Amino acid sequence: MNQPKRTQLQCTKVAKLLFCGGAIALLSLAAACQNNTSSDSGLKIGTLLPITGDLAQFGASMQDSASLLVKTVNQCGGVLGQQVQLISENDQTNPAAGAAAMTKLAEVNRVGGVVGAAGTSISSAAVDIAVRNQVVQISPSSTGPIFTERAKKGDFRGFWFRTAPPDNFQGQALAKLAQARGFKTVSVLALNNDYGRGLVNSFTSAFTPLGGKVLNQAKPTYYPPDASSFESEVAAAFQGNPDAVLLVAYPETGSLILKAAYQQGLLGKKTQVMLTDGMKDLKIAELVGKNAQGGYITTGMIGTAASAGGAALKQFNDRYKTAYNNRQPVVYDPNTWDAAAVLVLAAEAAKSTSGSAIKDKIREVANPPGQNVSDVCQALSLIRQGKKINYQGASGNLDFDSQGDVTGNYDVWTIDKNGQLKVVSTISVRGS
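- For the protein, the name recorded in an unreviewed UniProt entry is ABC transporter substrate-binding protein, with Floridaenema flaviceps BLCC-F50 as its organism.
- Under Subcellular location (unreviewed entry), UniProt gives the following word-for-word description of the protein: "Membrane".

Quick look at the structure:
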């Protein structure tokens, strides 16, 4: 589908009808038609990422990953013979700010696709704006099951994708981890938003059939996103001495919760702490701090996060460290690189920069059949030669299903006595 050509044809017909309206009317119409034809100015991609707020520990690095992808593509010829333009917005880890930023990207900047948001609640606030404006939204890390449910209803009309698997898969991984560690009873303490509620529900649904019991299933302990103290929530979650407490949180508030649990004397005893991808921050041990003996409070805690193990991972890591003074990428950086890569490859395949054309080509460049290729510049070259490709990303194979979801594996990670985050095993989840 070539939206720019069709729009131009419509404008030409209308122009003939309005010819007698005078030169001013014709000039105004010409300007409007030009604004609707995005391919003349090259591909524009937006990023909607948390440079500030509770997810800022991830957002800046994710932004660097998207910028690096665009720089790499522009160095090997860009898209459709023109340089790709990256327009970046800070969603502030806030749904209202995210919605306003998506409106600007879609209606003012007129981007063809947007990489983001990171948090589920921000993506939920932005996605309908993207769909209304026929802009592809592809999130590297919004894992809430709500998107799968809405996609099945047809709400997104094919404009929604994500390069991280949904939390109904992570819930199963957490349940398998709890079973493997011998946890019979677990309580949940979670952020009260789409991400927190969705993950609690998916974990409960997966853990119970394995013989486990969620002690506070009837009344899960949730905390508001803007909370600053958590004493009562922590006490409620640890009540009854469960084998483990599952904490669904982001680093800023999650670190405060763990400090509160330590101050109440609830850590280091019978009850273990399980964490999720939202807490997989390289500096989480430093954020939480040390105990009276000088050891890290978080030592021995375990968690899950989507694995990044695609064919392009080593190449991405090498490029990232070279570009950013040997700095290590963080948890969803490979997914961000892949999200931007899929957009540029789809635009090249579509021979158009319009969102409607791009979304129709995403599965064509990312799913089988086609020649397996992991280098984005080589992939662009093959597309220009008229060949079919199956892009193999840094985060995984990127085979999108009809809801825009990918599946994959989950890392089991822990924090050692030196405060270092270590991956200790992998759990495979393929959905039901």
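Read on, since the account is not over.
### Observations concerning the packing of aromatic side chains
Point 1. Counting across every chain of the model gives 10 aromatic pairs.
Point 2. An angle of 20 degrees between the planes, with centres 5.0 Å apart, marks the rings of Phe203 and Phe207 as stacked. On the criterion of helical spacing, the pair formed by Phe203 and Phe207 is a turn pair, its members being four residues apart in helix α8 (residues 194-207).
Point 3. Exposure remark for Phe203: the relative accessible area of 0% places this residue in the buried category.
Point 4. On the basis of an interplanar angle of 55 degrees and a centroid distance of 5.4 Å, the ring pair of Phe316 and Trp337 is categorised as tilted. Taken together, the residues Phe316 in helix α12 (residues 313-323) and Trp337 in helix α13 (residues 333-350) connect sequence positions 21 residues apart. Trp337 matches Phe316 in its accessibility class, with the two residues each being buried.
Point 5. Grouped by ring-pair contacts, the aromatic residues Phe316, Tyr320, Tyr324 and Trp337 constitute a single cluster.
Point 6. Note that Lys290 overlies the ring of Tyr296, its terminal NZ or CZ placed 5.0 Å from the centroid.
Point 7. One residue, Lys359, lies across the ring of Phe159, its end atom 5.2 Å from the ring centre.

### Overview of the packing of α12 against α13
Point 1. Two numbers describe how α12 lies on α13: the axes approach to 11 Å, and their chain directions differ by 100 degrees. Taken together, the axis directions place α12 and α13 in an arrangement best described as roughly perpendicular. Contacts between α12 and α13 pair Leu313, Phe316, Arg319 and Tyr320 from the former with Asp333, Pro334 and Trp337 from the latter.
Point 2. For the contact of α12 with α13, the residue count by class is five nonpolar, no polar and two charged.

### Description of the pattern of salt bridges
Point 1. Summed over the entire model, instances satisfying the criterion amount to 15 salt bridges.
Point 2. A salt bridge links Lys388 to Glu364, with the nearest nitrogen and oxygen atoms 3.2 Å apart. Highlighted residues: Lys388 in the loop between α15 (376-384) and β13 (389-391) and Glu364 in helix α14 (residues 355-366), separated in sequence by 24 residues.
Point 3. Since its relative accessible area comes to 51%, Lys388 is described here as exposed.
Point 4. Taken together, the salt bridges that share partners define one network made up of Asp128, Arg150 and Asp155.

### Concerning the state of the cysteines
Point 1. Within the structure shown, the criterion is met by one disulfide.
Point 2. The partner cysteine of Cys76 in its disulfide is Cys377, sulfur to sulfur 2.2 Å. Taking the sign of the torsion about the S-S bond as the criterion, the disulfide between Cys76 and Cys377, at about -85 degrees, is left-handed. Of this pair, Cys76 sits in the loop between α3 (56-75) and β2 (85-90) while Cys377 sits in helix α15, and the two are 301 residues apart along the sequence.
Point 3. What makes Cys76 partly exposed here is its relative accessible area of 23%.

Reading the values: rules and limits
- Residues numbered from 1 in each chain as written.
- Predicted model: local features only at pLDDT ≥ 70, side-chain atom pairs only at ≥ 80, totals over all residues.
- Heavy atoms only, no water.
- UniProt positions renumbered as here; feature names shortened; annotations may be inferred.
- Phe/Tyr/Trp six-rings, centres within 6.5 Å; stacked < 30°, edge-to-face > 60°.
- Helix = DSSP H or I, 4+ residues; strand = E, 2+ residues; numbered from the N terminus.
- Buried < 20%, exposed > 50% of the residue type's maximum accessible area, 1.4 Å probe, protein only.
- Lys NZ or Arg CZ within 6 Å of the ring centre and 35° of its normal.
- Axes fitted to C-alpha atoms, helices over the stretch in contact; angles between N-to-C directions.
- Parallel < 35°, antiparallel > 145°, perpendicular 65-115°, else oblique.
- Contact = heavy atoms within 4.5 Å.
- Nonpolar A, V, L, I, M, F, W, Y, C, P; charged D, E, K, R; others polar.
- Salt bridge = Lys/Arg side-chain N within 4 Å of Asp/Glu carboxyl O.
- Disulfide = S-S within 2.5 Å.

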